[in-house]
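Take a look at the letters that make up each chain.
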Amino acid sequence: MAARRQSLRLAARALEQRLNTDTSDHVGAQRPCPCGGSAQYHGRHGKTFESVLGPLHLQRAYYHCEQCASGFCPRDRALGLESFSLTPGVLRMTASAAALLSFEESSGLLHELAGAEVSAKQVERAAEALGAEIAVDEHQQVEKMGEVAPTMYLGMDGTGVPMRTQEVADRAGKQADGSAKTREAKLVTIWTAESRDEEGQPVRDPGSITYSAAIESAATLDTSPHLSDFAARVQREASRRGFREAQRPVVLGDGSNWIWNSASELFPQATQILDRFHAKEHLSQVGKIIYGDSPEGKPWIQARYDELDEGCLKSVVQALHGHAGQYKEARECVRYIWNNRRRMRYPKFHKQGFCTSTGVVEAGCKVVIGTRLKRAGMHWTVKGANRIIALRCSKLSGRFEDFWERRSDQRKTAA
Ligand SMILES: [Zn+2]
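Residues numbered from 1 in each chain as written. Predicted model: local features only at pLDDT ≥ 70, side-chain atom pairs only at ≥ 80, totals over all residues. Heavy atoms only, no water.

Caption draft 1: A look at empty space enclosed by the protein. Evaluation of the coordinates by the stated rule reveals one cavity of 30 Å³ or more. The space that makes up the largest cavity amounts to roughly 30 Å³. If you go around the largest cavity, the residues you meet are T151, Y153, A193, E194, R196, R248 and G353. Its residues assigned to classes, the lining of the largest cavity comprises two nonpolar, two polar and three charged. (1 Å grid on protein atoms, 1.4 Å probe; cavity = no way out; pocket = protein on both sides within 12 Å on 5 of 7 lines; lining within 4 Å. Points joined across faces, edges and corners; volume = space filled by probe spheres on them. Nonpolar A, V, L, I, M, F, W, Y, C, P; charged D, E, K, R; others polar.)

Have a look at this one:
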């Protein structure tokens, strides 16, 4: 560690010297200002940047504009040093860490692994700024990347993100007093399962999962010609993956209406499957309400699982009917099965070679949202959460590198 620290320090001094003896960024007494005015040369100004070699003390030509009372250094633009005193290399490391870890943990790891000093606050600002750029980029980059598989799966799900109080004021929620503590982040995930296990069952292809998510609405007025924000997101992700071009597109979800409304609107040709993982979770919850901790509960739940797997929805409904008088959850479950009966024809789906219980969608919510945004003590603004979600989706879907390349190219062209 000491040897590395010394080597980096030497390299930093060499780079500093080279940049500071080069005064070619002083190009005349005046420079045009972005405001339309004219900026005057004000000598060379010093500033310390955090680089992958450690701190760099740079002297740069500084131009000040009286018209808009602000100034700039042409060299900062040329070298991409305009983000929070971080060089592009450190900015990239910071974003990578913050996509996966809390701001504090990122700051600690950057120090330990890279010897870079970036405070938790700097990590937060940098990650949010890049997340905002990624969110814009995601709206623009919709051309297809990657291969279209014969069968493609698209899952949708929602999960609550803990919010700061002012972000949920006046919103109805699930708290006892009717208030809300969370906002729902909605997730779309697409994957393939062309691989087979020893029994010939489809298995999710490693590395095939991509995600896109945000706290946004899935509802529009019936009279509106526009898609809801979330439906538009689903459509963009489907375009990138070529979901519509698959011979057999499949939409998986739980029982939420917004999922099936979006699915029917966007992909009328797709097979709709109620994720068996969710269906079982639902039955298990009802079983626990009916039987509590008594030993009859487990076999009751298992019997319903078996009926579900065999496609005997009538038997499941019959068993629930026996408790419908006493438990509203049992009545609701009957309605849930009735409403989704066409999406629960599991034996038929299996014959067709479809995955019906993946847990991918469920896991997606945990992986993308839960493990990063729902940790103890975390409270978000909608804006802040959406930026970090965008950053995280890009990182977990293997798109961050592409984004970074586009960003670097754009900056080079602009400079
Ligand atoms: Zn100006």
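Caption draft 2: How the structure looks around the packing of aromatic side chains. Evaluated as defined, the whole model comprises ten aromatic pairs. Pairing Y291 with W300 gives two aromatic rings, centres 5.8 Å apart and planes at 50°, and the pair type is tilted. The same class applies to Y291 and to W300, which are both buried. Measuring from centroid to centroid gives 6.4 Å for Y346 and F349, while their planes differ by 70°, and the two rings are edge-to-face. Of the two residues, Y346 and F349 both sit in helix α13 (residues 346-351), three residues apart, roughly one turn of that helix. Residue Y346 shares its accessibility class with F349, and that shared class is buried. Grouped by ring-pair contacts, the aromatic residues Y41, Y63 and F72 constitute a single cluster. The ring centre of W258 lies 5.4 Å from the NZ or CZ of K186, which sits over that ring. (Phe/Tyr/Trp six-rings, centres within 6.5 Å; stacked < 30°, edge-to-face > 60°. Buried < 20%, exposed > 50% of the residue type's maximum accessible area, 1.4 Å probe, protein only. Helix = DSSP H or I, 4+ residues; strand = E, 2+ residues; numbered from the N terminus. Lys NZ or Arg CZ within 6 Å of the ring centre and 35° of its normal.)

Caption draft 3: Broad picture of the coordination of the zinc ion. Here the zinc ion is held by C33 (SG), C35 (SG), C65 (SG) and C68 (SG), and the distances to it run 2.2 to 2.4 Å. Classification of the site at the zinc ion rests on its four donor atoms, whose angles at the metal span 106 to 115°, yielding the label tetrahedral. Spacing between the donor residues of the zinc ion along their common chain follows C-x1-C-x29-C-x2-C. Here C35 is found in the loop between β1 (30-32) and β2 (38-51), whereas its partner C65 is found in strand β3 (residues 54-65), with 30 residues between them in sequence. Judged by relative accessible area, which is 35%, C35 ranks as partly exposed. (Donors = N, O, S within 2.8 Å, 3.2 Å for Na, K, Ca; no water. Tetrahedral: all angles 85-135°; square planar, octahedral: opposite > 155°, others 65-115°.)

Caption draft 4: Just the environment of E307, in detail. Mapped onto the elements of the fold, E307 is located in helix α10 (residues 297-310). Residue classification places E307 among the buried residues on the basis of a relative accessible area of 15%. Considered as a pair, E307 and V317 are ten residues apart in the sequence and their alpha carbons are 10.0 Å apart. Among all residues touching E307, those that are not within four sequence positions of it are C312, S315 and V316. (Contact = heavy atoms within 4.5 Å.)

Caption draft 5: Representation of the packing of helix α5 (residues 120-140) against helix α15 (residues 382-396) in the model. Where α5 contacts α15, the axes come no closer than 7 Å and their chain directions differ by 70°. Looking at the two axes, α5 sits roughly perpendicular to α15. Between α5, through A127, E128, G131, A132, I134 and A135, and α15, the contact on the second element is made entirely by G384, R387, I388, A390, L391 and S394. Its residues assigned to classes, the contact of α5 with α15 comprises seven nonpolar, three polar and two charged. (Axes fitted to C-alpha atoms, helices over the stretch in contact; angles between N-to-C directions. Parallel < 35°, antiparallel > 145°, perpendicular 65-115°, else oblique.)

Caption draft 6: Quick peek at unusual backbone geometry. One non-glycine residue with positive phi stands out, namely A69, at about 50°. Inspection of the secondary structure assignment puts A69 in the loop between β3 and β4 (70-72). Non-glycine residue S85 carries a positive phi angle of around 60°. Here S85 lies in the loop between α2 (74-79) and α3 (88-100).

Caption draft 7: Quick peek at the sheet that holds strand β5 (residues 151-162). One open sheet holds the five strands; their spatial order is β9-β6-β5-β10-β11, and the pairing between them is mixed. Edge strands, defined here as strands with exactly one partner in the open sheet, are β9 (210-214) and β11 (271-274). For this sheet the average axis-to-axis angle between neighbouring strands, irrespective of direction, equals 20°. Of the pairings in the sheet, the one linking β5 to strand β6 (residues 182-192) comprises eleven bridges and is antiparallel in character. Within the sheet, the bridge partner assigned to G160 lies in β6 and is E184. (Pairing = 2+ DSSP bridges.)

Caption draft 8: View of α15. Taking 1.5 Å per residue, 15 residues should reach 21 Å; α15 reaches 21 Å between its end C-alpha atoms and fits that length. Where α15 is concerned, the buried positions are V382, G384, A385, N386, I388, I389, A390, L391, R392, C393 and S394. G398 sits one or two positions beyond α15 and adopts a positive phi of about 70°. (Expected span 1.5 Å × (residues − 1).)

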